[in-house]
Amino acid sequence: MLTIILSIIFGLIIGYFIGPMSFTASGIEILLCALLFLVGLDLGRSDDLLRIFRRMGKETIFIPLLTIIGSILGGVVAGFVFGYNFFEGAALGSGMGWYSLSGVIIEKYNQELAVIAFLSNIFREVLGIAIVPIAAKKISYLSSIPIAGAGAMDTVLPIISKNTDNKTTIIAFFTGAILSASIPILVQFFIGFAY
């Protein structure tokens, strides 16, 4: 945990002193792919990988489904608290941590809501990075997956992998993939009804 926090702080300091760099989305994507490769390499070295694939059951379906339902309901409740209608709240909740996409989709309809979508999804990912190790240790391994949202497939996957077991890591990857595939559809669906 301390290593992650220090890495972020170190990156902020370097970014501040170096200033704008051409190392944007393509560079980050390359590093993210390398990180996912290392997680896959670690999973592939596992002796019980095939046994895990055979034993994966209802968790593989229920965790993504319940994460989608919980995220949308959370967005609706938060939306009502802050004065947004049902569909606006549902659109915000449907972002499920994919900050770079949900805000872009919503921006065509409402710029204020797009900023909120961007920030709330960034907060979800950052909180996921911080809370996943605690949830895995104090609650259960599977409880760490919904916290990460779509990040369970990419940015938060190494943290899930480090703090859980191989089965949970595989379920997290599948969950993140299902969420990532559903986010563009759900956000567009709900924001389309709102406006």
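Calculation rules
Residues numbered from 1 in each chain as written. Predicted model: local features only at pLDDT ≥ 70, side-chain atom pairs only at ≥ 80, totals over all residues. Heavy atoms only, no water. Helix = DSSP H or I, 4+ residues; strand = E, 2+ residues; numbered from the N terminus. Buried < 20%, exposed > 50% of the residue type's maximum accessible area, 1.4 Å probe, protein only. Contact = heavy atoms within 4.5 Å. Areas by Shrake-Rupley, 256 points an atom, 1.4 Å probe, with all protein chains shown as cover. UniProt positions renumbered as here; feature names shortened; annotations may be inferred. Core = buried A, V, L, I, M, F, W, Y, C linked by side-chain atoms within 4.5 Å. pLDDT = per-residue confidence, 0-100. 1 Å grid on protein atoms, 1.4 Å probe; cavity = no way out; pocket = protein on both sides within 12 Å on 5 of 7 lines; lining within 4 Å. Points joined across faces, edges and corners; volume = space filled by probe spheres on them. Nonpolar A, V, L, I, M, F, W, Y, C, P; charged D, E, K, R; others polar. Axes fitted to C-alpha atoms, helices over the stretch in contact; angles between N-to-C directions. Parallel < 35°, antiparallel > 145°, perpendicular 65-115°, else oblique. Left-handed = near helix turned anticlockwise from the far one by under 90°. Phe/Tyr/Trp six-rings, centres within 6.5 Å; stacked < 30°, edge-to-face > 60°.

J.: Now, about the overall build of the protein chain: what can you tell me, with residues and values included?
T.: Tallying secondary structure elements over the protein chain gives 10 helices and zero strands in all. For the protein chain, the proportion of its 195 residues judged to be buried stands at 40%. A sequence separation of at least 24 residues applies to 69% of the contacts in the protein chain between residues at least 6 apart. Summing over all exposed atoms, the protein chain offers an accessible surface of approximately 11200 Å²; the carbon and sulfur share of this is 73%.

J.: Lay out the UniProt feature "transmembrane region" (unreviewed entry) in the protein chain with the relevant residues and their values.
T.: Under the UniProt annotation, the feature "transmembrane region" (unreviewed entry) is placed at residues 6–39, 60–83, 89–106, 113–135, 141–160 and 172–194. End C-alpha to end C-alpha, residues 113–135 measures 30 Å, and it is 100% helix and 0% strand. Its end C-alpha atoms 8 Å apart, residues 141–160 is made of 45% helix and 0% strand.

J.: Give me the nonpolar core: which residues, what numbers.
T.: Core analysis: the biggest nonpolar cluster contains 22 residues, and Ile-72, Ile-106 and Ile-191 have the highest contact counts within it. Among the elements of the structure, helix 4 (59–81), helix 5 (86–93), helix 6 (99–107), helix 7 (111–138) and helix 10 (166–194) are those that each provide at least two residues to this core. Per-element accounting of this core gives the leading share, seven residues, to helix 10. Those residues in contact with Ile-106, other than ones at most four positions away along the chain, are Ala-91, Leu-92, Leu-113, Ala-114, Ala-117, Val-187 and Ile-191.

J.: Before we move on, could you go through the confidence of the model for the protein chain and cite the residues and values that matter?
T.: Caution applies to low-pLDDT parts of the model: their predicted coordinates are not meant to be read in detail. Chain-level pLDDT for the protein chain is 83 on average; 79% of the residues reach the 70-or-more range. Of all helices and strands in the protein chain, the one with the weakest mean pLDDT is helix 3 (residues 49–55) (61), whereas helix 5 scores best (95).

J.: Report on the layout of surface pockets, specifying residues and quantitative values.
T.: Think of a ball as big as a water molecule: rolled over the atoms, this probe shows where empty space is left. Considered as a void within the structure, the second largest pocket measures approximately 350 Å³ in volume. If you go around the second largest pocket, you meet 18 residues; those closest to its centre are Gly-75, Leu-92, Gly-93, Ser-120 and Asn-121. Looking at the lining of the second largest pocket, the elements with two or more residues in it are helix 4, helix 5 and helix 7. The residue inventory of the lining of the second largest pocket, partitioned by class, reads 10 nonpolar, seven polar and one charged.

J.: Run through the packing of helix 6 against helix 10, naming residues and quoting values.
T.: Between helix 6 and helix 10, the least distance of the axes is 10 Å, while the angle of their chain directions is 30°. Classified by the angle their axes make, helix 6 and helix 10 are roughly parallel. Two packed elements cross with a definite hand, and for helix 6 against helix 10 that hand is right-handed. Counting all contacts with helix 6, which are made through Leu-101, Ser-102, Ile-105 and Ile-106, the residues of helix 10 involved are Ile-183, Pro-184, Val-187, Gln-188 and Ile-191. Grouping the amino acids of the contact of helix 6 with helix 10 by side-chain chemistry returns seven nonpolar, two polar and no charged.

J.: How would you sum up the packing of aromatic side chains? Please name residues and give values.
T.: As enumerated under the stated definition, the model contains seven aromatic pairs in all. Ring centres 5.2 Å apart and planes at 90° place the aromatic pair Phe-86 and Phe-87 in the edge-to-face group. Judged by centre distance (5.8 Å) and plane angle (85°), the rings of Tyr-99 and Phe-118 are edge-to-face. Residue Tyr-99 is located in helix 6, and its partner Phe-118 is located in helix 7; the two are separated by 19 residues in the primary sequence. Site record: aromatic cluster; members linked through ring pairs are Phe-86, Phe-87, Phe-189, Phe-190 and Phe-193.

J.: So, the packing of helix 4 against helix 5: which residues are in play, and what are the values?
T.: Between helix 4 and helix 5, the shortest axis-to-axis distance is 7 Å and the interhelical angle comes to 130°. It follows that helix 4 is oblique to helix 5 by the angle criterion. At the point where helix 4 passes helix 5, the crossing takes the right-handed sense. Contacts between helix 4 and helix 5 involve Ser-71, Ile-72, Gly-75, Val-76, Gly-79 and Phe-80 from the first element and Phe-86, Gly-89, Ala-90 and Gly-93 from the second.

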